[in-house]
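Residue strings, one per chain:
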Amino acid sequence: MEKQVRVRFAPSPTGALHIGGVRTALYNYLFAKKMGGIMILRIEDTDQTRFVAGAEKYIQESLEWCGIKLDESPWNGGQHAPYRQSERKPMYMAYALRLVEEGNAYYAFDTPEELEEMRTRLEAAKVVSPQYNAITRTQMKNSLTLPEDEVKRRLASGEPYVIRLKVPRKEEVRLQDMIRGWIMVHSSAIDDKVLMKSDGMPTYHLANVVDDHLMEITHVIRGDEWLPSAPLHVLLYKYFGWEDTMPQFAHLPVLLKPTGEGKLSKRDGDKFGFSVFPLQYHDPENPQNSSSGFREDGYTKEAFINFLAFLGWNPGQGSQKEMFSMEELIEAFSIERIGKAGIKFDINKAKWYNQQYLKLKSTTELTEFLFIDLKANHLVCEQSKAEKITDLLKERIVFPTDLYKEGIYFFKTPTTYDPEIVKSRWNDEVKTALNGIKEALSLESEITAASVKELIHSVLEKLGIKMGKVMQGVRLAITGVGAGADLMETMAILGKTEVLKRIELSLKVLG
RNA sequence: GCUCAGUUCGUCUAGGGGUUAGGACGUAUCCCUUUCACGGAUAAAACACGGGUUCAAGUCCCGUACCGAGUACCA
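These numbers were taken from a predicted model, which means no experiment stands behind them. (Residues numbered from 1 in each chain as written. Chains lettered and ligands numbered in written order. Predicted model: local features only at pLDDT ≥ 70, side-chain atom pairs only at ≥ 80, totals over all residues. Heavy atoms only, no water.)

Undergrad: Describe the overall build of chain A, listing the residues and the values that go with them.
TA: When you go through chain A residue by residue, the secondary structure sums to 21 helices and 11 strands. In terms of overall size, chain A is more extended than a compact globule, its C-alpha atoms giving a radius of gyration of 32 Å where 511 residues would be expected to give roughly 24 Å. Across its three principal directions, the C-alpha atoms of chain A cover 110 × 55 × 40 Å. Considering chain A as a whole, with its 511 residues, one finds that 50% of them fall into the buried category. Excluding contacts between residues fewer than 6 apart, the proportion of contacts in chain A whose partners are at least 24 apart in sequence is 73%. Roughly 24600 Å² of accessible area belongs to chain A as shown, and the carbon and sulfur atoms make up 51% of that amount. (Helix = DSSP H or I, 4+ residues; strand = E, 2+ residues; numbered from the N terminus. Rg over C-alpha atoms; globule rule 2.2 N^0.38 Å. Buried < 20%, exposed > 50% of the residue type's maximum accessible area, 1.4 Å probe, protein only. Contact = heavy atoms within 4.5 Å. Areas by Shrake-Rupley, 256 points an atom, 1.4 Å probe, with all protein chains shown as cover.)

Undergrad: Pulling in residues and values, what's your account of the pairing of strand E2 (residues 38-41)?
TA: By the alternation rule, side chains of E2 split into Ile-38 and Ile-40 and Met-39 and Leu-41, which are all buried. In terms of strand pairing, strand E1 (residues 6-9) meets E2 through four bridges, oriented parallel. Residue Val-7 lies in a different strand from E2, and its bridge partner there is Met-39. Between the parallel pair E1 and E2, the chain is carried across by helix H1 (residues 19-34), and the sense of this crossover is right-handed. (Pairing = 2+ DSSP bridges. Right-handed = clockwise from strand over helix to strand, strands pointing away.)

Undergrad: Quick one: what's the story with the packing of aromatic side chains, residue by residue and with numbers?
TA: Scanning the model with the defined rule gives 24 aromatic pairs in all. Pairing Phe-272 with Phe-274 gives two aromatic rings, centres 6.3 Å apart and planes at 15 degrees, and the pair type is stacked. For Phe-274, a relative accessible area of 8% translates into the label buried. Following the ring pairs from residue to residue traces out a cluster consisting of Tyr-27, Phe-310, Trp-313, Phe-324 and Phe-333. Directly above the aromatic system of Phe-109 lies the positively charged group of Arg-154, at a separation of 5.3 Å from the ring centroid. Between Lys-321 and the ring centre of Phe-324, over which it is positioned, the NZ or CZ distance is 5.0 Å. (Phe/Tyr/Trp six-rings, centres within 6.5 Å; stacked < 30°, edge-to-face > 60°. Lys NZ or Arg CZ within 6 Å of the ring centre and 35° of its normal.)

Undergrad: Tell me about the pairing of strand E6 (residues 181-186), and please be specific about residues and values.
TA: Where strand E5 (residues 172-177) lies against E6, six bridges are found, and the strand directions are antiparallel. For Val-173, the partnering residue across the bridge sits in E6 and is Val-185. Between E5 and E6, which pair antiparallel and follow one another directly, the connecting turn spans three residues.

Undergrad: Explain the domain arrangement of chain A to me, using residue names and the numbers behind them.
TA: Each domain of chain A was delimited in the assignment, giving domain 1 (1-73 + 253-360), domain 2 (89-207), domain 3 (361-411) and domain 4 (419-510). Put simply, the middle of domain 3 and the middle of domain 4, counted by C-alpha atoms, are 23 Å apart. Taken together, the contacts link eight residues of domain 3 with 10 residues of domain 4. At the boundary of domain 3 with domain 4, total buried surface from both sides reaches about 830 Å², with 71% on carbon and sulfur atoms. On the domain 3 side of the interface with domain 4, the three residues burying the most area are Leu-392, Tyr-409 and Phe-410, jointly 69% of the side's total. Our count for the domain 3 to domain 4 interface comes out at zero salt bridges. (Domains from an automatic or database assignment. Buried area = accessible area lost by both parts, 1.4 Å probe. Salt bridge = Lys/Arg side-chain N within 4 Å of Asp/Glu carboxyl O.)

Undergrad: Describe the sheet that holds strand E7 (residues 194-196), and please don't skip the residues or the numbers.
TA: On the basis of which strands lie adjacent, the open sheet formed by three strands has the order E3-E4-E7 and antiparallel pairing. Among the strands making up the open sheet, the edge pair consists of strand E3 (105-108) and E7. Each strand of the sheet is rotated relative to its neighbour by a mean of 40 degrees, with strand direction disregarded. Looking at chain direction, strand E4 (residues 162-165) and E7 are connected through two bridges and run antiparallel. Note on E7: the bridge partner recorded for Arg-164 is Val-194. Those strands touched by helix H3 (residues 89-101) are E3, E4 and E7, and its axis lies near 105 degrees from that of E3. (Axes fitted to C-alpha atoms, helices over the stretch in contact; angles between N-to-C directions.)

Undergrad: Which residues make up the protein's contact with RNA strand B, and what values do they have?
TA: Residues in close proximity to RNA strand B total 59 residues, the closest being Ser-12, Arg-180, Lys-197, Arg-396 and Arg-475. Here RNA strand B approaches the protein such that, of its atoms within 4 Å, sugar and phosphate make up 73%. Contacts to RNA strand B include Ser-12, whose side-chain N or O atom sits 2.6 Å from a sugar or linking oxygen. Here Gly-484 contributes a backbone N or O atom positioned 3.2 Å from a base oxygen of RNA strand B. Counting residues per element, the ones that place at least two in the surface near RNA strand B are helix H4 (112-124), E4, E6, strand E11 (343-344), helix H12 (347-360), helix H19 (467-479) and helix H20 (487-494). Among the elements that line the surface near RNA strand B, the one with the most residues is H12, at four residues. (Near = heavy atom within 4 Å. Polar contact = N/O pair within 3.5 Å; in protein donor to acceptor, adjacent residues only side chain to side chain.)

Quick look at the structure:
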């Protein structure tokens, strides 16, 4: 029987969780659930200098909103707790030491200044990529070059040191990526990466391999930016003797800016006018670091997830289905169908998805959104009227707030009239029609969409005016704008008195 | 620079040797309608380039170009 699938999403709490991170989490989740496996979240907080308070909470809330459920995490525990690397700190040194003892790693005492000096020296000597490696380490201060007693003395004196991986000089490192196939890298292209930092914390490379092994991770699904260091991780698995249980790798293609130049970054949200974060983010220490989120922009989570899932993945096999619920995504998902190329971000598709999902919602549900904006603007409205308005408008909205934005004229008598429409559509014929409608309307007791339509028809017929020529002017008089939902329905909701009032007002204001 | 990846309509993509290269978003036009939208229909729009392999290449191989990622005691 196959081993149970265990995947992890491993963000670092350095700020708001980027949309690309959400996608990585989503793919992990979809794969885990598809395989009947376990989804784990591990907080990678080994860099204390970049720690941001509140970031972890943000990650948690984001995933909750998306409906990505965690089987094991810092918040709900699990058999491999703790799930924060900072809390696992004591474990890592032993593994690093084991590497040192077995001759696969070594102590290094070089100061930042000395490292900098080495780089400038190498650059001056026209070395293309200065790195700490099999060649240069012979000239640095480490346990490979220093006498044994000197190393012991430095260690005992509490002098700061790091532990570096001793990368072999000539060796072919290969790994199989589930998305990209076989990848081969020569060890000379990898430098002697730091495994343990001088503050006693492991670097990502060590921590990730140790934790993935300990947590029995079977598949590592992560961003493309890790691909270049994946061979290094393979080397670590090898030195630890964990090759047999090494997870399978899948490196996801990056999300690019709409222009395609570089990956989508925090700043791009402002630049291109859309959010790059799932939730609104407020940085208490750095308010200008705050950002808008998809949730607050009015995207439903269903649309957000559907949109995100299709950024680099599709069900293939000739499927033309675009709308997928989380359950359907799980059912259809496979790593093999993830693309290799970077994806340019296009917010239009997200808007379209949102529109589709909003249409699927019931009028009652949508009316809730209308009430939110109504309350915020200190307006009251009867439930039945609000539902009628929602019903009328629901086909035209992209965001829930459009209900209020589009329907503002239901709640406020227009005080201004769209100058463009006034210019092109306001004329004597319209005024004649309006006067005729006003007269006929004042004789009515109450109106319905059908009755008012009939009324207008007969008035215009009597006056010898074609409907198409004046109706936009009539709309302007009643709503102040040139576009909107069915005008007859609109008038019926407004009621006879209000319609009359507005006609008179327009005649007075526009002359 | 070096290493590793990638390249089908403007965008997301289907396609796995033989297709009029399909769909979706967006765009345009038409229909519906009192207008705008919705809906329906139609259209414009792509295999980066050059070599091979093959009877046959978007599909396989090799170069070139371009694009991206990585190149930290960051993840």
